[in-house]
Amino acid sequence: MIKFENVGLRYGMGPEVLRDLTFEIAPSSFQFLTGPSGAGKTSLIRLLFMSLKPTRGLISVFGRDTARVGRSDLPSLRRRIGVVFQDFRLLDHLTTYENVALPLRVLGKSEAGYRADVVDLLQWVGLGERMHVLPPVLSGGEKQRAAIARALITKPEILLADEPTGNVDPPLARRLLRLFIELNRLGTSVLIATHDLALMDQVDARRIVLADGRIEIYE
Amino acid sequence: MTADDRLEPPPLDPPPSFGPRRMRASLSSSLGRPTAARDLDGAGRREPTIAPSAPEVTVSVAAPASPEPAPEVLPRDAPAVNAAASGGAPSGGHRPAAARPSAARAGGRAPKPKGPARPPPGKTIVPPQAVAGRALVSVVAIMCFLAALAVGVLTLVVAAAQDWQLDVSREATIQVKPIDGQAIEPRLAKALDIARATRGVRSARLVDERESAALLEPWLGRGLDLSSLPIPRLVVVDLADPATADLTGLRLRIAAEVAGAAVDDHAVWAARLRTMAGAMVVVGVGVVGLMLAAMVLSVVFATRAAMAGNREVIEVLHFVGAEDRFIARQFQRHFLLLGLRGGAIGGSAAAAAFLIADFATRSGRADGLADQAQALFGGFSVGLAGYAAVIGLVAVVAALTAITSRATVLGHLGRLD
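Conventions adopted
Residues numbered from 1 in each chain as written. Chains lettered and ligands numbered in written order. Predicted model: local features only at pLDDT ≥ 70, side-chain atom pairs only at ≥ 80, totals over all residues. Helix = DSSP H or I, 4+ residues; strand = E, 2+ residues; numbered from the N terminus. Buried ≥ 20, exposed ≤ 12 C-beta atoms within 10 Å, placed from the backbone. Pairing = 2+ DSSP bridges. Axes fitted to C-alpha atoms, helices over the stretch in contact; angles between N-to-C directions. Contact = placed C-beta atoms within 7 Å. Parallel < 35°, antiparallel > 145°, perpendicular 65-115°, else oblique. Left-handed = near helix turned anticlockwise from the far one by under 90°. Nonpolar A, V, L, I, M, F, W, Y, C, P; charged D, E, K, R; others polar. Core = buried A, V, L, I, M, F, W, Y, C linked by C-beta atoms within 7 Å.

Visitor: Explain the overall build of chain B residue by residue, including any values.
Guide: What chain B contains, in helices and strands, is 13 helices and six strands. When each of the 417 residues of chain B is scored for burial, the buried share is 31%.

Shown next as structure tokens:
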């Protein structure tokens with residue numbers, strides 16, 4: 001699904017922040033990406049959804065070499081990837097409903113066609129009563145759930161979540177983890193970037209440990 | 001914690017379909033499962049279910065709805081799930097939205113969930129307040145006003161020049177010079193006869209001595225005695241249709257039969273008027289073009305500022321798979337409206353200025369300048385063509401604003417990678 005071969009990344013003329021990364025995210029797989037703060041987890045996630053280009057190496061996404069993917073082809077690939085950002089990236093002038101429906105608007109779908117799905121998903125993540133509220137009014141956990149709902153609404157083949165439990169308390173973190181596991185059971189590959197060891201201990205899953213720009217994988 | 005206490009690793013067989021409704025049913029059947037006892041705290045505490053306990057449900061039912069629910073609160077429909085589960089529902093999972101009220105009634109404990117309210121119409125993805133609206137509308141309005149004035153004056157001048165050309169070309173003049181030893185009156189009579197007999201001539205008349213004196217008065221003063229001066233006399237020939245009038249025949253006959261006479265068809269004047277009108281059109285188009293160019297540059301700067309202010313919106317749109325054209329459309333919509341608003345304001349102001357000028361020149365309240373304008377243009381009315389040109393200009397301004405913003409956004413996005 002996504003394959004890295006000897007990938008390196010540096011910002012400008014600085015040192016390499018990611019070095020010799022070689023790994024693969026298989027279809028319907030579940031893995032954690034972990035490492036100390038500043039290890040490069042967010043940079044790796046940005047490489048995964050083609051927000052950054054590697055300075056060396058090969059990244060293949062859905063069988064396509066990202067170095068050869070033209071700008072016009074990027075949207076169609078990104079639509080197959082759901083991303084949950086550490087800082088949520090909700091648009092403050094749109095309601096929760098509109099934020100979650102945004103990927104469907106981008107796809108050109110009519111509001112009548114997706115309204116029921118968005119409402120259902122919002123109710124499922126516990127935001128049924130908050131769907132017409134603007135993000136600044138939402139709590140951290142609610143924002144997190146809205147961001148997750150936005151990432152899921154288009155049924156992505158892979159979900160990348162950057163510290164999805166970083167802003168919530170342990171009970172909600174467990175619920176979000178359950179949600180990711182169930183999504184994985186439904187066929188979505190999941191990669192969760194976290195440095196919460198307690199969270200990772202709850203699931204026997206592959207761990208990609210990032211330290212000093214290199215990775216070690218524990219299957 | 002032992003391996004058995006952990007959450008089960010996920011299986012790898014995806015279901016045949018995957019949509020929010022199906023996903024919700026599938027996920028909720030697992031999340032609402034009340035029997036799975038797991039060590040989720042990592043401290044050996046057994047948690048009977050990840051759903052909230054019954055007392056929590058009771059509290060949440062009894063308490064008024066909090067405007068800011070705590071993050072750890074389950075989905076709002078969770079109480080119905082638990083109620084259904086405790087009531088013996090086989091799956092213990094979430095029900096479809098339509099089924100939940102009946103389930104709640106059966107359980108007798110769950111609150112009646114509100115039906116999914118119809119969301120309000122979708123707002124624009126780029127917030128309108130993020131675009132420097134007022135300043136840009138003012139710039140567009142001013143530019144459109146000045147350009148509309150230029151267009152109006154241009155149509156006025158072009159129409160006047162056409163009238164002048166028509167007047168000049170509808171007339172020809174036979175000039176009879178005094179010749180020593182030959183009386184001028186018989187030659188004038190002969191020229192009049194020839195002119196009246198020529199095809200395409202409506203009428204011909206002699207400019208008498210008083211009219212000739214009036215024509216020369218600005219140069220030679222009043223009380224002039226033309227008989228003492230060798231002043232040529234004129235015959236004014238009014239043509240019915242300049243295209244079909246036999247001016248060549250008239251010229252040949254006058255030259256052959258009237259001594260010292262020549263025909264002037266005003267071709268030189270007509271050519272000069274055409275040249276002047278053409279020059280005015282070039283100047284006017286240039287002025288309008290420069291104004292539109294200045295407006296386009298303003299729109300480019302405003303679009304760049306709007307993009308800089310909406311960087312996060314653009315990033316999010318990219319992440320959710322928006323194409324550049326979609327993003328450009330979001331900005332283009334705003335700028336089209338701004339262009340229409342500014343253009344309408346500027347165009348309306350220009351139209352009002354034309355109406356006021358027209359009224360002032362017609363009502364006799366005009367000063368000397370207006371008198372000159374009336375003498376030149378025959379009234380300061382731009383006519384329907386002028387107003388139509390102003391409306392067209394407003395449309396052009398709006399379209400130009402939208403196209404410019406679209407091109408700016410696409411160019412900027414293209415340079416991002």
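Visitor: Can you tell me about the sheet that holds strand E4 (residues 201-206) of chain B, naming the residues and giving the values?
Guide: All names here are of chain B. Reading across from one edge, E4-E5-E3-E6 is the order of the four strands in this open sheet, with antiparallel pairing throughout. Where the open sheet ends on each side, the last strands, each with one partner, are E4 and strand E6 (261-264). On average, each strand axis in the sheet is tilted by 20° relative to the strand beside it, whichever way the strands run. With six bridges connecting them, strand E3 (residues 171-176) and strand E5 (residues 233-239) associate as antiparallel partners. Bridging from a neighbouring strand, Thr173 pairs with Val236 of E5. Along the sheet face, helix H8 (residues 247-257) touches E3 and E6 and points at about 165° away from the line of E6.

Visitor: Which residues make up the packing of helix H6 (residues 184-197) of chain B against H8(B), and what are the values?
Guide: In a pair of packed helices, the angle between the axes and the distance between the axes together describe the arrangement. Residues and elements named next belong to chain B. Contact pair H6 / H8: the axes reach a minimum separation of 10 Å and the direction vectors enclose 155°. Our classification of the angle between H6 and H8 gives roughly antiparallel. As H6 packs across H8, the resulting crossing turns out to be right-handed. Facing H6, whose interface residues are Lys190, Ala191, Ile194 and Ala195, H8 presents Leu250, Arg253, Ile254 and Glu257. In terms of residue class, the contact of H6 with H8 is built from five nonpolar, no polar and three charged.

Visitor: Could you give me a rundown of the environment of Ala197(B), with the residues and numbers involved?
Guide: Here Ala197(B) is to be found in helix H6. Sequence spacing of Ala197(B) and Leu250(B) is 53 residues, and the spatial spacing of their C-alpha atoms is 9.0 Å.

Visitor: Any details on the sheet that holds strand E4 (residues 56-61) of chain A? Residues and values, ideally.
Guide: Hydrogen bonding along the main chain pairs the strands of a sheet, whether they run parallel or antiparallel. All names here are of chain A. Read across the sheet, four strands follow the order E2-E1-E4-E5 without closing on themselves; strand pairing throughout is antiparallel. In the strand order of this sheet, the two ends are held by strand E2 (16-25) and strand E5 (64-65), each with one partner. By the bridge criterion, five bridges tie strand E1 (residues 2-10) to E4 in an arrangement that is antiparallel. Considered in E4, the bridge of Lys3 is made with Ser60. Relative to the sheet, helix H1 (residues 41-48) contacts E1, E2 and E4, its axis offset from that of E1 by approximately 125°.

Visitor: With reference to specific residues and values, describe the packing of helix H3 (residues 96-106) of chain A against helix H4 (residues 111-124) of chain A.
Guide: Residues and elements named next belong to chain A. Where H3 meets H4, the axes come as close as 10 Å, and the angle between the chain directions of the two elements is 125°. By the angle class used here, H3 and H4 are oblique. Between H3 and H4 lies a crossing of right-handed hand. In this structure, H3 uses Thr96, Tyr97, Val100, Ala101 and Leu104 to contact H4, whose residues at the interface are Tyr114, Val118, Leu121 and Leu122. Here the contact of H3 with H4 is composed, by residue class, of eight nonpolar, one polar and no charged.

Visitor: Hey, could you go over the pairing of strand E10 (residues 214-218) of chain A for me, with residue numbers and the actual values?
Guide: All names here are of chain A. Pairing geometry for strand E9 (residues 206-211) and E10, over five bridges, is antiparallel. If you follow Val209 over to E10, its bridge partner there is Glu216. With antiparallel pairing between neighbouring strands as the criterion, E9 and E10 make up a hairpin whose turn holds two residues, including Asp212 at a positive phi of roughly 55°.

Visitor: Give a detailed account of the nonpolar core, specifying residues and quantitative values.
Guide: Formed by 122 residues in total, the largest nonpolar core has its most connected members in Leu122(A), Leu160(A), Val140(B) and Cys144(B). The element contributing the most residues to this core is helix H5 (residues 133-169) of chain B, with 15 residues. Apart from the residues lying within four places of it in its own chain, the contact partners of Cys144(B) are Gly342(B), Gly343(B), Gly346(B), Gly347(B), Leu393(B), Val394(B) and Val397(B). Counting residues in each nonpolar core, the second largest holds 18 residues, with Ile174(B), Val201(B), Leu250(B) and Val263(B) among its members.

Visitor: Please provide a residue-by-residue account of the environment of Ala198(A), values included.
Guide: Residues and elements named next belong to chain A. Relative to the assigned elements, Ala198 resides in helix H7 (residues 197-200). A residue is classified by how many C-beta atoms lie within 10 Å of it, and Ala198, with 16 of them, is partly exposed. Put simply, Ala198 and Pro170 are 28 residues apart on the chain and 9.4 Å apart in space, counted from C-alpha to C-alpha.

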